[in-house]
Amino acid sequence: MVVTILAAVAQAERQRILERTNEGRIEAVNKGIKFGRKRSINRKKVIEMIEKGISPTKVAKQLKIARSTIYKILKESR
């Protein structure tokens, strides 16, 4: 019975921590803070190379990135 009570208290505390964390994230986004890793690939260069007629495979090899990344960039730009 004691274990059950302690588990319920721990679960309630965990829920409160998640709520406070989410409130902080929302507030940060409203202040303009961006989350995640900064982009390291020059998207403009990728699009320019594709527009010049270079195949996605060759662009990927030249820039040393995955071909799927090229397609993802192209999809985002449309």
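Scroll up a little and you will see the structure.
Each chain carries its own residue numbering, running from 1 in the direction its sequence is written. Predicted model: local features are reported for residues with pLDDT of at least 70 only, side-chain atom pairs are reported and counted for 80 or more only, and whole-chain, interface and lining totals are derived from all residues. Here the side-chain values reflect all heavy atoms present in the structure, with hydrogen atoms and water set aside.

(A) Quick peek at the overall build of the chain. If you tally the helices and strands in the chain, you get four helices and zero strands. Strands are runs of DSSP state E lasting at least 2 residues, helices are runs of H or I lasting at least 4, and numbering of each runs from the N terminus. Helices and strands appear in the chain in the N-to-C order α-α-α-α. A radius of gyration in this sense is built from C-alpha atoms; the matching globule rule multiplies 2.2 Å by the number of residues raised to 0.38. Since a compact globule built from 78 residues should have a radius of gyration of about 12 Å, the 23 Å found for the chain marks it as more spread out than a globular shape. In terms of overall dimensions, the chain has a C-alpha envelope of 70 × 30 × 20 Å along the principal axes. When accessible area is computed with a 1.4 Å probe and restricted to protein chains, residues below 20% of their type maximum are described as buried, those above 50% as exposed, and intermediate ones as partly exposed. Here the chain holds 78 residues, and 13% of them are scored as buried. Throughout, a residue-residue contact means that at least one pair of heavy atoms, one from each residue, lies within 4.5 Å. Residue pairs at least 24 apart in sequence account for 34% of intrachain contacts in the chain once pairs closer than 6 positions are excluded. Only the protein chains shown count as covering a residue, and every accessible area follows the Shrake-Rupley method with a 1.4 Å probe. For the chain, the exposed surface amounts to about 7000 Å²; the carbon and sulfur share of it is 55%. For this count, His and the chain ends are skipped, Lys and Arg are scored as positive, and Asp and Glu as negative. Every charge is mapped to an atom, namely NZ of Lys, CZ of Arg, CG of Asp or CD of Glu. Between the averaged position of the 20 positive side-chain charges in the chain and that of its 7 negative side-chain charges there is a distance of 12 Å.

(B) A look at helix α2 (residues 43–51). Pairs of N or O atoms are called polar contacts if they sit within 3.5 Å, as long as, within protein, a hydrogen donor faces a hydrogen acceptor (for residues adjacent in sequence, only side-chain-to-side-chain pairs). Its side-chain oxygen 3.2 Å from the backbone nitrogen of Lys44, Asn42 forms the N-cap of α2. In the segment just after α2, Gly53 is the residue with positive phi, at about 100°.

These results come straight from atomic positions and should not be treated as a statement about function.
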